Amino acid sequence: MEEKKKVALITGITGQDGSYLAEFLLKKGYTIHGIMRRASVFNTERIDQIYEHPNKPDRKMTLHFGDLSDASNLNHLLKIVQPDEIYNLGAQSHVRVSFDIPEYTANIDALGTLRLLDAIRENKIPTKFYQAGSSEMFGDVLEIPQRETTPFNPASPYGVAKVFAHQICKNYRTAYGMFICNGILFNHESPRRGKTFVTRKITRGIASILGGKIDKLYLGNLDAKRDWGFAPEYVEAMWLMLQQDEPDDYVIATGETHSVREFLEEAFSLVGIKDWEKYIGVDPKYYRPQEVNILKGDYAKAKKQLNWSPKVTFKELVKIMLEADLKEAGLELKKYSL
């Protein structure tokens, strides 16, 4: 008798993590259902290569319109899909933007998680749930490095909303016996990273400078230090959490920290530019009202219990991203003289 294929539901499937996770799960033989917000532009470029046309009877991935602000829609989708695993990746995920739209950020990132958990509980669906937490929950950090036991001290509406989501997941896990895992993921990047995030702004900016489209790239705090990993490796960690016998919370990180300035130096050096400072401007509009100066994760628990470790190094990550953006601009990774 053929074994029943697992069904996964992914919120935020059109984002960086959602697209990589969908690819990963399809290779594992899953049937995928993704929730995407309705918009005037059909924003599926990250998953176009794996999305099969609805008219194909053998399709393994189905997209549904939905929103984490709509409880009735979430209830309806859960009844239809009956997922074995749910990955809650949907969010307003830009930290700086969360200061401009704090109520929306809280509604989606915090209350959206609660709506989804309540839909699972009310429908009595025996599913495993992954919540996408963030290193921004540590905010103005109280210890270095940050681990699962480090107190949260969020420094943005985004961080505060994610702390609520994390805590309500722990509450529902204990109160209702639900299989819920919190992944506290530190910054993870790739060529699919959103274009407004600093790493992608840098690699796209360099491609634009080399292509003669701009003279200067404007950024915010160059001294902010982050723990940067490679997104495809991090989605594997999400999956591993839901394959364990018991639910738990895990920090996923590289254990290294690098400043935005270091990222700039490494990226510009790959194209032979040493005097990179003259191509960079600092614009106060990119500063956060409250800065997070350093994030550095300790992934020891994930290594021990999930057998997970990062493989792509910081230098390799910068090269992967820069090479992809240069290629998109019709350029190649080589030494340039400006």
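This text follows the structure it describes.
Residues numbered from 1 in each chain as written. Predicted model: local features only at pLDDT ≥ 70, side-chain atom pairs only at ≥ 80, totals over all residues. Heavy atoms only, no water.

Caption draft 1: A look at the packing of aromatic side chains. Evaluation of the coordinates by the stated rule reveals 12 aromatic pairs. Where Tyr-172 meets Tyr-176, the ring centres are 4.9 Å apart and the plane angle is 70°; that geometry is what we call edge-to-face. Of this pair, Tyr-172 and Tyr-176 both sit in helix H5 (residues 157-176), 4 residues apart, which is roughly one turn of the helix. The exposure class of Tyr-172 is buried, given its relative accessible area of 7%. You can call Tyr-176 partly exposed: its relative accessible area is 44%. Between the aromatic rings of Tyr-234 and Trp-308, the centroid separation amounts to 5.4 Å while the plane-to-plane angle is 90°, which identifies the pairing as edge-to-face. Placement of the pair is Tyr-234 in helix H7 (residues 231-242) and Trp-308 in the loop between helix H9 (300-306) and helix H10 (314-328), with a sequence separation of 74 residues. With a relative accessible area of 0%, Tyr-234 lands in the buried category. The exposure class of Trp-308 is buried, given its relative accessible area of 2%. Site record: aromatic cluster; members linked through ring pairs are Phe-138, Phe-152 and Phe-186. Taking NZ or CZ as reference, Arg-121 lies 5.0 Å from the ring centre of Tyr-176, over its face. One residue, Arg-193, lies across the ring of Phe-197, its end atom 3.9 Å from the ring centre. (Phe/Tyr/Trp six-rings, centres within 6.5 Å; stacked < 30°, edge-to-face > 60°. Helix = DSSP H or I, 4+ residues; strand = E, 2+ residues; numbered from the N terminus. Buried < 20%, exposed > 50% of the residue type's maximum accessible area, 1.4 Å probe, protein only. Lys NZ or Arg CZ within 6 Å of the ring centre and 35° of its normal.)

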